[in-house]
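What follows is the residue order along each chain.
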Amino acid sequence: MRSSFKVFAVCFIGLLSSTILANQNYGLLKEREGFSTQILSETSDDYSFDEPPVELMSIVQYKTPLGDMSAYLTKPNEPNKKYPAIIWITGGFPSGGAGRSVWTQSPKDNDQSAKNYWQNNVVSMYPSLRGSFGNPGVQEGFFGEVNDVLSALEYLSTVEYVDSTQIYLGGHSTGATLALLVAASTDKFKAVFALGPISDPAEYGASRQLYQQNDRREAYFRAPINFLKYIQSPTFIIEGVGGDIDSLNELKASSKNDRLTFMPVDGANHFAVIYPVNRLVAKKIAAGSQMALTQTEVQLAVDDVTVEELQVKDLQTLLNLRSDGVKLDSKITARYLLLSKKRQDLKTSIEALKRIGFLPGVIETHKNAENGKYYSIFSSKEILPNNLISVFKNSHEIQAFSLENGLYYQGWSAGPR
């Protein structure tokens, strides 16, 4: 009985929150007026909110109709100046579950920290949302969380060193899905950047659906594809061709809103777009540029980072070979290692690898520390190690192939001829 009352109370307060905000907004919140979500699976946690480096950011409390919630807020170089700002919603479950990853080192092929912004003096706010990190309420899976982000926006607008006319919104994966719902609820963001969103969160699986599933309205109000028409801020929806590209295409096909720009990125997966796109956008915001992104700019940004990372790895491999006594002025057989969680993905790639000049070997089965299976294959090609242009070209080609086919490229080594 007590549990049922708690769920009712949370839902009632969430509805009140939506109604209050709807008086000032439109779109998704307007459509949701009078509807109360029914959460069947109460999910919340009281994980500690990691203390960040004091010189970089602090933990702040932003007010919501449910109560105060925690967020990281970065510190500018000169607090007496006004800076542009961004709310960044991290991916995974729950959305906005940012931890120490927002300030620690991450690989460029999966950097979900969005640190590019605060490194370029764009004030960054990472809000945690209802039911997370001891925040009030329970997780609602893309419903009440919309209201929480709007409350974060209200808080950020009052920060003395933030230019309230220059606040942006961004997110990756589940964070991008939520960002689209938020963008359909307010016109206060200067621009929105959604990296790898999904058209309908129901596609994340039944275990993520915390609501009454036989009520079609529950799913309807959580699916961004139903509300793209309301988005007023310039919004850029970006995904790697090797990522959730079907969702991007589905969103694009359903939209007639010219404020939305859809950008599929070749040679990238769901994660490889994050760092280069954020680096590009952060520099534009910091420079006070008119916020416009082109397909060419985004593609070049991703290609540049891919090349940078691959060349560093290639040079290290060549140094290791020389240390092992391999003659770099003689031809060797390079073996390029590809991994996959699905055997079929490697099997269907064999003929395609041959067409681009790589000789596939035998698919091997492995087990990870959790006793789960994964699969590998070596694809060979004869190379001259001291021909750097050729070495770099081969690595870039196999990397692009792996990203576009849902595989993981792990680098190359010298093998028997």
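Scroll up to find the structure.
The structure presented is a predicted model; accordingly, all values stated were derived computationally and were not measured. (Residues numbered from 1 in each chain as written. Predicted model: local features only at pLDDT ≥ 70, side-chain atom pairs only at ≥ 80, totals over all residues. Heavy atoms only, no water.)

Visitor: In this structure, what is going on with the packing of aromatic side chains? I would like to understand it.
Guide: Under the criterion given, the structure shown has 17 aromatic pairs. Plain terms: the ring middles of Phe 35 and Phe 143 are 5.9 Å apart, the flat faces sit at 65 degrees to each other, and that makes the pair edge-to-face. On the criterion of sequence distance, the pair formed by Phe 35 in the loop between helix H2 (28-32) and strand E1 (57-64) and Phe 143 in the loop between strand E4 (123-127) and helix H4 (144-156) is long-range, its members being 108 residues apart. With centroids separated by 6.3 Å and ring planes inclined at 40 degrees, the aromatic side chains of Tyr 336 and Trp 412 adopt a geometry described as tilted. Here Tyr 336, found in strand E9 (residues 332-340), pairs with Trp 412, found in strand E13 (residues 408-415); they are 76 residues apart in sequence, far enough to count as distant. An aromatic cluster is built from Phe 35, Phe 143, Tyr 220, Phe 221, Phe 227 and Tyr 230, whose rings are joined through pairwise contacts. Stacked on the ring of Phe 143, the Lys or Arg Arg 32 has its end atom at 3.9 Å from the ring centre. (Phe/Tyr/Trp six-rings, centres within 6.5 Å; stacked < 30°, edge-to-face > 60°. Helix = DSSP H or I, 4+ residues; strand = E, 2+ residues; numbered from the N terminus. Lys NZ or Arg CZ within 6 Å of the ring centre and 35° of its normal.)

Visitor: How should I be thinking about the packing of H4 against helix H5 (residues 174-183) in this particular structure?
Guide: Any two packed helices are characterised by the angle at which their axes cross and by the distance between the axes. H5 packs onto H4 with a crossing angle of 75 degrees between their chain directions and a minimal axis gap of 9 Å. By the criterion of interaxial angle, the relationship of H4 to H5 is roughly perpendicular. Every residue of H5 that contacts H4 at Glu 145, Val 146, Val 149 and Leu 150 is listed here: Leu 178, Leu 181 and Val 182. (Axes fitted to C-alpha atoms, helices over the stretch in contact; angles between N-to-C directions. Parallel < 35°, antiparallel > 145°, perpendicular 65-115°, else oblique. Contact = heavy atoms within 4.5 Å.)

Visitor: What is the right way to look at the nonpolar core in this model?
Guide: Ranked by internal contacts, the top residues of the largest apolar core, which has 50 residues, are Ile 87, Leu 156 and Leu 169. Here this core takes 7 residues from H5, the largest share from any one element. Aside from chain neighbours lying at most four places away, what touches Leu 156 is Leu 73, Ala 85, Ile 86, Ile 87, Met 125, Val 162 and Ile 167. Trp 118, Phe 236, Ile 274 and Val 298 belong to the second-largest nonpolar core, a separate cluster that totals 36 residues. (Core = buried A, V, L, I, M, F, W, Y, C linked by side-chain atoms within 4.5 Å. Buried < 20%, exposed > 50% of the residue type's maximum accessible area, 1.4 Å probe, protein only.)

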